[in-house]
Amino acid sequence: MKTEKEYDYLIVGAGLFGSVFAHEAKKRGKKCLIIDRRSHSGGNIYCENIEGINVHKYGAHIFHTNDKEIWEYVNSFVEFNRYTNTPVANYKGELYNLPFNMNTFYQLWKVKTPKEAKEKIQSQIDQLSIKEPSNLEEQALSLIGTDIYEKLIKGYTEKQWGRSATELPAFIIKRLPVRFTFDNNYFNDKYQGIPIGGYNKLTEALIEGVEVRLNTDFFENREEWESKAENVVFTGKIDQYYDFQFGQLEYRSLEFEHDVLDEENHQGNAVVNYTEREIPYTRIIEHKHFEFGTQPKTVVTKEYPADWTPEKEPYYPINDNKNNETYRQYKELADKEEKIIFGGRLAEYKYYDMHQIIGSALKKVKDHFGA
Ligand code: FAD
Ligand code: UDP
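To start, this report covers the structure provided alongside it. Residue positions are given per chain, counting from 1 as you read along its sequence in written order. Working convention: letters from A go to chains and numbers from 1 go to ligands, in the order in which they are written. Predicted model: local features are reported for residues with pLDDT of at least 70 only, side-chain atom pairs are reported and counted for 80 or more only, and whole-chain, interface and lining totals are derived from all residues. Hydrogens and water are ignored here; the side-chain numbers use all heavy atoms of the structure.

## Description of the overall build of the chain
Logical step 1: For the chain, the helix and strand inventory stands at eleven helices and 16 strands.
Logical step 2: For this measure, only C-alpha atoms enter the radius of gyration; the expected value for a globule follows 2.2 Å times N^0.38, where N is the number of residues. Its C-alpha atoms give the chain a radius of gyration of 22 Å, near enough to 21 Å, the size a compact globule of 371 residues would have.
Logical step 3: Dimensions of the chain, computed from the C-alpha atoms along their principal axes, are close to 70 × 50 × 35 Å.
Logical step 4: Buried means the residue's accessible area, taken with a 1.4 Å probe over protein chains only, is under 20% of the maximum for its type, while exposed means over 50%, and partly exposed covers the values in between. Counting over 371 residues, the chain shows a buried share of 55%.
Logical step 5: With residues, only the protein chains shown are counted as cover, and all accessible areas are computed by Shrake-Rupley using a 1.4 Å probe. Per element, the accessible surface of the chain, about 17400 Å² overall, is 46% carbon and sulfur.
Logical step 6: Charge-centre separation for the chain: the mean point of 49 positive side chains lies 3 Å from the mean point of 59 negative side chains. A run of H or I in DSSP becomes a helix once it reaches four residues, and a run of E becomes a strand once it reaches two; helices and strands are each numbered from the N terminus. Only four residue types enter the tally: Lys and Arg on the positive side, Asp and Glu on the negative side; His and the chain ends are excluded. Note on charges: their place is set at NZ of Lys, CZ of Arg, CG of Asp or CD of Glu.

## Some details on the site of ligand 1
Logical step 1: Taken together, 32 residues form the shell around ligand 1, and within it D36, H61, I62, Y352 and M354 come nearest.
Logical step 2: Whenever two N or O atoms come within 3.5 Å, that pair is a polar contact, provided that in protein one can donate a hydrogen and the other can accept it, and provided that, for residues adjacent in sequence, both atoms are side-chain atoms. Here an oxygen atom of ligand 1 sits 3.3 Å away from a polar atom, N or O, in the side chain of R38.
Logical step 3: At a separation of 2.7 Å, an oxygen atom of ligand 1 approaches a polar backbone atom of Y352.
Logical step 4: Contact with the protein chains hides 96% of the accessible area of ligand 1, taken as 1000 Å² for the molecule alone.
Logical step 5: Counting only elements with at least two residues in the shell around ligand 1, the list comes to α1 (16-27) and α11 (354-369).
Logical step 6: Its residues assigned to classes, the shell around ligand 1 comprises 16 nonpolar, nine polar and seven charged. Only a single heavy atom is needed: when it lies within 4 Å of a molecule or strand, its residue is near that molecule or strand. Polarity classes work like this: nonpolar for Ala, Val, Leu, Ile, Met, Phe, Trp, Tyr, Cys and Pro, charged for Asp, Glu, Lys and Arg, and polar for all others, with Gly in that last group.

## What about unusual backbone geometry?
Logical step 1: Here the bond from L98 into P99 is cis, since omega is -15 degrees, no more than 30 degrees from zero.
Logical step 2: The backbone of D243 shows a phi angle near 50 degrees, a positive value even though the residue is not glycine.
Logical step 3: Here D243 shows up in the loop between α9 (238-241) and β11 (251-261).

Structure representation (C-alpha cells):
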C-alpha cells in the first residue's frame, strides 16, 4: 500500500548497519533515504585511496566471523582476500607475537612446549588469589599470569580506555584468544579477510540505488527529517535521540595520524601494537599489507586513544555497569517505539564487530518485515 509520506524509511547513518538495512528494505520494494552527517558513506569502515592504497580512515578493520550465512552475505557483494590478522606487539623495543600463543611464550620465557608454557603461567597464577575475576585486570591475570599482563596488556589497556584496568569490564580481554599452539591468527573464527578493493566496495554495493544525503545531521532538523518518512532507522547515539534524559552515555574516542612515507615497506606487518603506557598511541597500521600491496610508497596510521567530548567521534561504547544501566533505561523507551528501529554500535550501545552489526541488522530486518 502506498504511504502518504515521501519515503518509507529514513535511515540515520550510512554506516554498516544503515547500509544493510537500506539494502534489505529496498529489496522488499521500500523507498529509503539515508542521511549521514559525515561527508562520505560507510561510517567507520570507510576507506580513502591514497597512493593506490586503501587507507582505513577510522582504524584497522578486519572482517571475521564464524557464521557461514554472514560470510556468504558479504561475499555476495564483494570478493574477500585471504588476509589473516597476525599483529605484533612492541614492548619497550622487544617484539612479541599476538595473540598470546606458543610463539609469545617462547619469546618471553624460552619455553618450547605447551606443557612448559602452561606450568609457567600456572605458577604465576598460583601466586595470586583471584577466585571470581570481577574486572579486566583480575580476568587477565587469572587467564595468562603476571608477565603477559604487565608487558602486553596493562599499558595498552589503560591508555586505550583512559582508566585503570581494575575499573574495566572483564569481557573486553576475552576478545583475545589464548592458545597453546604456534598460531598467530588474532581471531578464532572460521572465516576472515579484507574486501578486495577495500570496504567501500561492500558499503557502496549495499546502498546502490538508495538516495543518500551527506553532510546532514539528523539533529539539526529533526522534525523535518522525521516528517519525511513512515519509519526511522536510527544508528546514531541513543542518548542523544532521547535528549539525554537519563544522562549522557560515555564513549572512548580516538585520533588518527596518517602519514605517507616514501618507502615501500615500513614495518613489515599491517598492525603493530605498542603495549607500553609511555608511548601515547596504541598501534601503527600499515595499510598496504591488508591487501598485499606492492606500491612504491606506503601509508601508516598512528592510533591515539582520546577522551570523548561531544565534538569528538564516539568510537567505543564503555560497557561498564554504570553505562549499561543508563543504556537499559534508554532501551526501555526504544522498545516501546513502533516506528523507530535502533541499531548499530551507537544506538545499541554495544562493542560490536562488523559481523555482529550485520547479524543484528539482518535480525532486525527479519523481525520488522517478518521474513
Ligand atoms: P558507524 O560505522 O559508526 O556508522 C554510524 C553512522 O551514523 C556514521 O557514519 C555517523 O556519521 C552517522 N551518524 C551518527 N549520528 C548521526 C546523526 N545525528 N545524523 C546523521 N548521521 C549520524 N570490527 C570488526 O569486525 N573488525 C575490526 O577489525 C574492527 N576494528 C575496529 C577498529 C576501530 C578503531 C573501531 C572504532 C571499530 C572497529 N570495528 C571492527 C567495529 C566496526 O567499526 C563497527 O562494528 C561498525 O563499523 C559499526 O557500524 P555502525 O553502522 O553501527 O556504526
Ligand atoms: N589488548 C591488550 N594488548 C594488546 C591488544 C589488545 O591489552 O596488544 C586488550 C585491550 O584491553 C583492548 C582489548 O584487548 O581494548 C581488545 O583488543 P582488540 O584488538 O579486540 O581491540 P579493538 O581492535 O576493538 O580496539
